Structure formats: structure tokens, C-alpha cells
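Below, each chain spelled out in residue letters.
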Amino acid sequence: MTNQTPNFYALLIGINFYFPHRLPEGNYYKNLRGCVPDINHVETYLKDTFNLTPDRIIKLTATASDNPNQPQEPPELLPTYENIVAKFKELTAKAQPQDRVYIHYSGHGGRAKTIFESLKGFGALDEALVPTDIGQPNSRYLRDIEFAKLLEDMVEKELVVTLVLDSCHSGGATREMSGDDRIRGEGFIDTTPRPTDSLVAPLQELAQNWQTATENSRNITVVNGLLPEPKGYTLIAACREHEFAYEKVFEGTERNGALTYFLLKALRQYGTEISVEDLFNQISNQVHKEFERQTPMLMGETERTFFGGQSVGASRKVPVMKVDIKTNRVQLQMGQASGITKGDEFEIYTFRTIDFQNRENRIMRVKVVEVGASDCWAEVIEIPGLRSLHPKLVEVAEGTIEIGSPAVYVSPGLKQIRKVRVILPDPLPPFPGVNIALLPTIVEQVKTQVEGHRWIEFCSDEEKNENVDYFVSLTSAGEYLILDENKEPIKNLLFSIKVDEPEASKKLINRLIHVARYETILDLDNEDAFARLNGKLKVEVVKSVKRQTVVLNADGKVPVLEEQDKGVYLIICNESNRTLNITALNLDADFSISKFYPDGVPYEVVEPGQNIRRKLNLSLPQNYEEAANIIKVFATVDGTNFQFLELPSLDQSRKGFGKERPTNALEQLLAAVVDEDNPQRKITVVIDASEEWTTEKVEVVVKKSVV
């Protein structure tokens, strides 16, 4: 038991009994059996855990009695509309900023003809919590617009609010739920004329609050429209739209709501300082496993402990939903809607792991093999200390994986080592002093003498052409020709290497290494499906034409401009809600990479919603008539030095480039990307750096000016 917590309040509402039983229009809300027990169990847990005194717990319940028209509780303790609104206001007035408030509702959710037609429109509906006396013709629902205002008043006072709704607000609930007394919700729309005034606030104030809330959340509502997207509080709801909230006998003879039962079970097992996300992952999968048509939802503030005691860091975790020993697979709660694709990899850790740099907590590595809309199946491919060919990897790991165990996304690998194949012309051209037939062997033997030679590998005869990145061939003039994977000449390679010139093979190897490094940096992207900054950086090439700004790279177009073209600008926009550090690199036609922006400092700070405008001075390297230039823009949360990625022009010495010492996780990644001596077939990272950066690139073709 912890010491008394003076800044903790609870509002608990449970409704088993609805009276009169039938509404004036003929429909009815059936009585429930598990809602009051839910509230009693929550009250006991809070008292035992936080040593709360009675004045810090407000409880409204309606329990069936021998009188079919009257509940057991006295009128002042019933969850009527008037009492619910009054207790919300009482709690808001009593609590002080930063006090913690826990609200738990167990009962029916309902839908009624709107009383806010001027705001919602003719024929619209109000989603609502259903008070115990709703059968009275003059009784009122606690409607969505009112509920949102009560919560907003708490948030405005800076109360730390956690809301749990163990109720159903399913617009699709119709015949499927008829007669099933385990379901908390009904499928009808109540058209009974009801009072149109509100005890929460004047109608104009309610409308203004609702409009502001829905505008700020792009008209998103949750719990089938009951609330705007939560801002400033945490919400766990019992089910998704078109699903049901069930209650059942889990222990003994007493019914409980599935959400409430598994919530309390997890809290007792893992304690009060469990994070919202960890707790939700545990209970959500347990509920869904019990009832296929019920999937809880978590919304709002998630980067804190469940009762709001402290903040926790943002997470890249996906919970394990199921383990299938027979097929050597696990099911993860993330799918196509989140950008997951086949081949994506995750590492699974022990439940409640916080430090994902601690590899001792790692259980296994899995690869996605089947993707659904909101979940996926992943095959176990590796367990630390166990050969990956073991036929029963999941069975070996059974007992270490729990439902809710975190699976951490492993970023797609960035390819460094490039495969090369030498293809000779047929017939072989004659060159004095050079045995053309032996060139593949000669080039391979020379490779190890060149610094950075590990960046390329020559293919064996057995390897298929699909695995080849670069082909090397000869022209009829005896010049080495480097081709891409499609056997097209690499762009911008203007200066030839003659097969019979001194150290021709070394020059060829060095050129292949340089091109490989250049293209690795060109390909560098944050492909993490969880990266929050992706899509938040906008880069445009614009030109001023007759006092109008024309975007030249719209819809993926590649602008073709003349050298020294006037009035061309690069505009970089920060479309995120975070302050970003911006750096732009120029990947030039001569295969050099240099910092294009800003001058003199590693990066420029750009506030949310702001942009940078930089004039483009278009020029061509010497001896080039036309060339493609690429500007690669990076946005980072932490200040980052991108000198790691700089390269000299082709055929120049790379010594001294990329030798800076990394000072943060992202710089460690950049240093690994350009490591001259230890390139990888794929660089994969499980580091929070992937959440802290993004990149975009634009290509511009520059031509010689026509005189």
C-alpha cells in the first residue's frame, strides 16, 4: 500500500438499472448486471492502492432492487443526468492544477436525435452516455457536446485526466445484439422529444467548444462520435466502432465488464507506474482474445503512466497479440494501415522492457510474412544464442513471450556492399599488351590493394544477374564502362579509363567504390514506419515568373534549367509541430557531396510552420554540357553534423572525408553509412535515432546556357 495521495480524485459511474424500463416511443435499455460490480471493484482497488479517503472518491451507481421501478440507491447517489453533471463540476472545482483525476464509466452508450441542429444539421444524431432514469420523458442524455465540454474544463484547469469508458457506442449494433444481455449498448435511435437546454453550459458556449475541438482534430471524433479526438487527457474505450462492449462472469458468480476486469487484473499484477501503452497492450489483447467482436481503443495522452504520475518516452513498440507454436509465428498489433509490409523485421523483448538498447532483454527477431489491415503475422527467424535453422524457434522461446510483449521495429537495411560482375564483349577486342580474357581475374586480384575495397564484391559465376548492382564491360575503343543493374551506363561518368593505361584496374576499383558510396548516401532515407517526422518536410524548387511563384518540381517533375538561370529558389518547409534543424547537401554531377546550406554552421533552426528560401546558383562542373544535380535535405530534432556524408569529386582521394567523431545516435548511423573499412551488406538499426530525423530530395537537370 502506498501513502495517501492528496492530489488524486476519482469519479466512478456504474449503471445496472434503467427505469422506467421502456422509453415513451417503445424502445428500451435493458438492465445490466456487471456495471455496479465494476465500480465497486475499481473503488476497492483505488482505496487499497492509494489509501484514498471517501471525500476523494465520488461514486454514482444504480442497482436493481425488489421494486422494478426504483433502484436501491437514494436519489442523491443515482447516476441521473443532473447528478452526473453536478459531480463533474464539483470535482473540477475541488481539484487543483496537476491533480490527478480518474473517471470510470460502466453502462450503456446511446444515440438520440440531436438537440443541436444549428450546429450539427437537420437529422443529425447525438452520441451519449445513458443515465439511469432515461425512461422518464423529461430526463436527458449526457450528450457528446456536453461531455466534451466537461472534459475540456478539466483539461483547461490543467488536471491530469484518465478516462475509461466500459460501454458500447456502436452505430452498427442492430439485430446482432438483440437479446444478448452481455452487451452494453443498443442499436436504436431515441427520437423521444427531450429538454433542449443544458446544465453543463450555455448552448453557444457548448457549440464553440465543440467546433474548436473538432477543427483542431480535423473533425476526427472517437468512440463512434461520442468525443472529439482527445487532447490533454487519456482515454481507453471498450471497443471500436461497430463492435460491442461485453460483460461476463469471469470469476465466481458475478459479472464484470471485460475491459474493467482485465484492466484491474493488469494493474494488480504490474503496479500503478505501468505506462499507459504497456497497460493497454496487455488488456487489449486479453479482451480481444476473450471476445472477437471487442477491441479496446487507446487515444489521447499516451506518453505517461496510466494514472498520470509521470511521463514516459515515446515508443516504437508493437504488442504481441498471439503466439502460434505450430507455425513458428507471432501475431503483432500493427498492419497495412501503419505502413507495415512483408519482409519488415521486429525484435521482441520481455514484457515491460523500457531500455531497448539493453540486448539482454531481447527474446527473438521476427520477419513479417502476412499483413492484414491492422495486424500482421511474423515468422521467427532468430533467437539469441540459438541457430536460426532450429525447426521450433517459437516453442523454444515459449514461456518468455507474454501477450503484450513489445516488438520493436527494426529499420529496413541500407545497402552498402555492392555486387559487381565483369561482362566481356564477344568477340574479344585485341589490345596490345593486355590479355582481355584474363581481365575479370586481374581486376579481382587488384581489388584488395585499394582502400575501401570491402564496399564492392565480385559475383561468382553461379550468382544470378538479379543480384548484380554494377556491370563492368569494355567499349570497342578499349575503355572500361560501368553500367547499372539494368545495364544502362551510370549517369555523369564522362571520363573514361583505358584498359591499357597505367593502374587501370586500380582506378576502376576506386571508381566503383566511390560510386557505391555516393549511391548509398543518395539512397539514405528514414524508412522507419514509425518515424514521426516522415512526411513533415516539404522541399520545392520554385521560379519567379511575372511576379508569380511557379513550383517546378510539382508531382515529381524534374526541372530542366539553364546554367545561371535567374530567379530559381529552393524552399524548405517545416510542416511538423517540432523545431527542426535543417541541413541541405548537394550531390553534384561529378559525384562529389558537399553541404549546400547553411553556410558556416552545421544546420539552420526552423520553427514549426516556418520555411527557408535559398537562391539556387546553377552551374555545371568543368567539361559538362548537361548534368543531373540532386539536393538532399535533412531535418533533425537534435543538432547533427552531416560532414560524415561529404565526398570529393570522382577519382579524387577520399582520405580525411567522413572521419569526424559521432556525438549522438543519428551521427553514429551516418558514420556507419560511410565507413570506408567496414561496410555492411545492410545496416539495420534499432535506435531511437529513426524517430528524430527525416529527409527529402529534389533533382534538377542543368544544361549549358544557349548563347
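Bear in mind the structure is a predicted one, so any value in this text is a computation, not a measurement.

S.K.: I tried to follow the pairing of strand S16 (residues 345-349) on my own but got confused; where do I start?
M.R.: Note on strand geometry: in a regular strand, side chains alternate between the two faces of the sheet. Counting buried residues in S16 gives five out of five residues, a clear majority hidden from the surface. In this structure, S16 lies alongside strand S17 (residues 362-371), joined through five bridges in antiparallel fashion. Its bridge partner being in S17, Glu 347 is matched across the sheet by Arg 365. Across four bridges, S16 lies against strand S19 (residues 406-410) in antiparallel orientation. Residue pairing in the sheet places Ile 348 in a bridge with Ala 407 of S19.

S.K.: What exactly am I supposed to notice about the nonpolar core here?
M.R.: A general trend in soluble globular proteins is that nonpolar side chains are found buried together. By size, the foremost hydrophobic cluster in this structure holds 54 residues, and its most contacted members are Phe 147 and Leu 227. When residues of this core are assigned to their parent elements, the largest contribution, seven residues, is made by helix H4 (residues 144-156). Counting residues in each nonpolar core, the second largest holds 44 residues, with Tyr 480, Leu 524, Ile 630 and Leu 669 among its members.

S.K.: What exactly am I supposed to notice about the packing of helix H1 (residues 35-50) against helix H6 (residues 258-270) here?
M.R.: A pair of packed helices is captured by two measures, namely the crossing angle of their axes and the spacing between those axes. It is at 10 Å that the axes of H1 and H6 come closest, and there the two elements cross at 15°. By the angle between their directions, the pair H1 and H6 is classed as roughly parallel. Two packed elements cross with a definite hand, and for H1 against H6 that hand is left-handed. Of the residues in H6, those touching H1 at Asp 38, His 41, Val 42 and Tyr 45 are Thr 260, Leu 264, Leu 267 and Arg 268.

S.K.: Looking at this structure, how should I read the sheet that holds strand S6 (residues 142-143)?
M.R.: Each strand in a sheet pairs with its neighbour through backbone hydrogen bonds, running either in the same direction (parallel) or in the opposite one (antiparallel). If you trace the three strands from one edge of the open sheet to the other, you get S4-S5-S6, paired in antiparallel fashion. Where the open sheet ends on each side, the last strands, each with one partner, are strand S4 (109-113) and S6. With five bridges connecting them, S4 and strand S5 (residues 125-129) associate as antiparallel partners. Bridged to Ala 112 within S5 is Asp 126.

S.K.: Explain the pairing of strand S10 (residues 233-237) here, please?
M.R.: A large share of S10 lies buried, amounting to five of its five residues. Alternating positions in S10 separate into two faces, Tyr 233, Leu 235 and Ala 237 on one and Thr 234 and Ile 236 on the other, with burial throughout. Note: strand S7 (residues 160-166) against S10, five bridges, orientation parallel. In the sheet register, Leu 163 faces S10, and the bridge partner there is Leu 235.

S.K.: When you look at the packing of aromatic side chains in this model, what are you seeing that I'm missing?
M.R.: Aromatic ring pairs are described here by two measures, namely the spacing of the ring centres and the angle between the planes. Inspection of the entire model under this criterion finds 22 aromatic pairs. The interplanar angle of 35° and the centroid separation of 6.1 Å between the aromatic rings of Tyr 18 and Tyr 29 together place this pair among those described as tilted. With Tyr 18 in the loop between strand S1 (8-15) and H1 and Tyr 29 in the loop between S1 and H1, this pair connects stretches of sequence that are eleven residues apart. Across this residue pair, the class does not change: Tyr 18 and Tyr 29 are buried. For the ring pair Tyr 29 and Tyr 141, a centre distance of 6.4 Å and an interplane angle of 70° mean the geometry is edge-to-face. Of the two residues, Tyr 29 sits in the loop between S1 and H1 while Tyr 141 sits in the loop between S5 and S6, which places them 112 residues apart along the sequence. Assigned by exposure class, Tyr 29 and Tyr 141 land together as buried. An aromatic cluster of three or more residues is present, and its members are Phe 8, Tyr 45, Phe 50, Tyr 102, Phe 306 and Phe 307. In this arrangement the basic side chain of Lys 487 is found over the ring face of Phe 471, its NZ or CZ atom lying 5.0 Å from the centre. It is Arg 614 that lies over the ring of Phe 596; its NZ or CZ is 5.6 Å from the centre.

S.K.: What is the right way to look at H1 in this model?
M.R.: In an α-helix, one turn spans 3.6 residues, which is why side chains three or four residues apart end up on the same side. The end-to-end C-alpha separation of H1 is 22 Å, in line with the 22 Å expected for 16 residues at 1.5 Å each. Looking only at H1, the buried set comprises Cys 35, Val 36, Pro 37, Asp 38, Ile 39, Val 42, Glu 43, Tyr 45, Leu 46, Thr 49 and Phe 50. Where H1 ends, the next residue or the one after it, Asn 51, has phi of about 55°, a positive value.

S.K.: Honestly, unusual backbone geometry in this entry has me stumped. Any pointers?
M.R.: Glycine aside, residues mostly have negative phi, and peptide bonds are mostly found in the trans state. Asp 426 connects to Pro 427 through a cis peptide bond whose omega is 5°. Within the element layout of this structure, Pro 427 appears in the loop between strand S21 (418-422) and helix H9 (439-447). Cis geometry marks the peptide bond from Tyr 597 to Pro 598; its omega dihedral reads -5°. Positive phi, close to 65°, is recorded for Glu 158, a residue that is not glycine. Secondary-structure assignment places Glu 158 in the loop between H4 and S7.

S.K.: What am I meant to see in the environment of Asn 27 here?
M.R.: Positionally, Asn 27 belongs in the loop between S1 and H1. Among the residues examined, Asn 27 registers a relative accessible area of 28% and is labelled partly exposed. Residues Asn 27 and Gly 187, 160 residues apart in the sequence, show an inter-C-alpha distance of 9.9 Å. Once residues within four sequence positions are removed from consideration, Asn 27 is found in contact with Arg 22 and Phe 188. Of note is the side chain of Asn 27, whose polar atom sits 2.8 Å from the side chain of Glu 25.

S.K.: Could you clarify how one ought to interpret helix H10 (residues 504-523) in this entry?
M.R.: Counted at 1.5 Å a residue, the expected span for H10 with its 20 residues is 28 Å, and the 28 Å between its end C-alpha atoms agrees. Here H10 lies mainly inside the structure; 15 of its 20 residues are buried.

S.K.: Quick question: what am I supposed to make of the side chain of Glu 347 here?
M.R.: With respect to the helices and strands, Glu 347 occurs in strand S16. Owing to a relative accessible area of 1%, Glu 347 belongs among the buried residues under this scheme. Only 2.8 Å separates the side chain of Glu 347 from the side chain of Arg 365, close enough to count as a polar contact.

S.K.: I would appreciate a short explanation of the environment of Met 297 in the present structure.
M.R.: By the element assignment, Met 297 lies in strand S13 (residues 297-300). Met 297 gets classed as buried once you look at its relative accessible area, which sits at 17%. Spatially, the C-alpha atom of Met 297 lies 8.0 Å from that of Leu 235, the residues being 62 residues apart in sequence.

S.K.: Looking at this structure, how should I read the sheet that holds strand S26 (residues 548-551)?
M.R.: Pairing is antiparallel across the open sheet formed by four strands, whose spatial order is S26-S25-S28-S32. Pairing within the sheet leaves two strands with one partner each, and these edge strands are S26 and strand S32 (611-615). Each adjacent strand pair in this sheet contributes to an overall mean axis angle of 30°, direction not counted.

S.K.: Mind showing me how you'd approach the pattern of salt bridges here?
M.R.: Opposite charge on two side chains lets them pair, provided their charged atoms get close. Evaluation of the coordinates by the stated rule reveals 30 salt bridges. Measuring nitrogen to oxygen at the nearest pair gives 3.4 Å for the salt bridge that ties Glu 540 to Lys 538. With a relative accessible area of 17%, Glu 540 lands in the buried category. Arg 614 is paired through a salt bridge with Asp 599; the nearest N and O atoms lie 3.1 Å apart.

S.K.: Before we go on, may I ask you to explain the state of the cysteines in this structure?
M.R.: In protein chemistry, a disulfide is the covalent bond that joins the sulfur atoms of two cysteines. Throughout the structure, instances matching the rule amount to zero disulfides. As a non-bridged cysteine, Cys 239 has Cys 168 as the owner of its nearest cysteine sulfur, 4.4 Å distant. Exposure remark for Cys 239: the relative accessible area of 5% places this residue in the buried category.

Cut-offs applied
- Residues numbered from 1 in each chain as written.
- Predicted model: local features only at pLDDT ≥ 70, side-chain atom pairs only at ≥ 80, totals over all residues.
- Heavy atoms only, no water.
- Buried < 20%, exposed > 50% of the residue type's maximum accessible area, 1.4 Å probe, protein only.
- Helix = DSSP H or I, 4+ residues; strand = E, 2+ residues; numbered from the N terminus.
- Pairing = 2+ DSSP bridges.
- Core = buried A, V, L, I, M, F, W, Y, C linked by side-chain atoms within 4.5 Å.
- Axes fitted to C-alpha atoms, helices over the stretch in contact; angles between N-to-C directions.
- Parallel < 35°, antiparallel > 145°, perpendicular 65-115°, else oblique.
- Left-handed = near helix turned anticlockwise from the far one by under 90°.
- Contact = heavy atoms within 4.5 Å.
- Phe/Tyr/Trp six-rings, centres within 6.5 Å; stacked < 30°, edge-to-face > 60°.
- Lys NZ or Arg CZ within 6 Å of the ring centre and 35° of its normal.
- Expected span 1.5 Å × (residues − 1).
- Polar contact = N/O pair within 3.5 Å; in protein donor to acceptor, adjacent residues only side chain to side chain.
- Salt bridge = Lys/Arg side-chain N within 4 Å of Asp/Glu carboxyl O.
- Disulfide = S-S within 2.5 Å.

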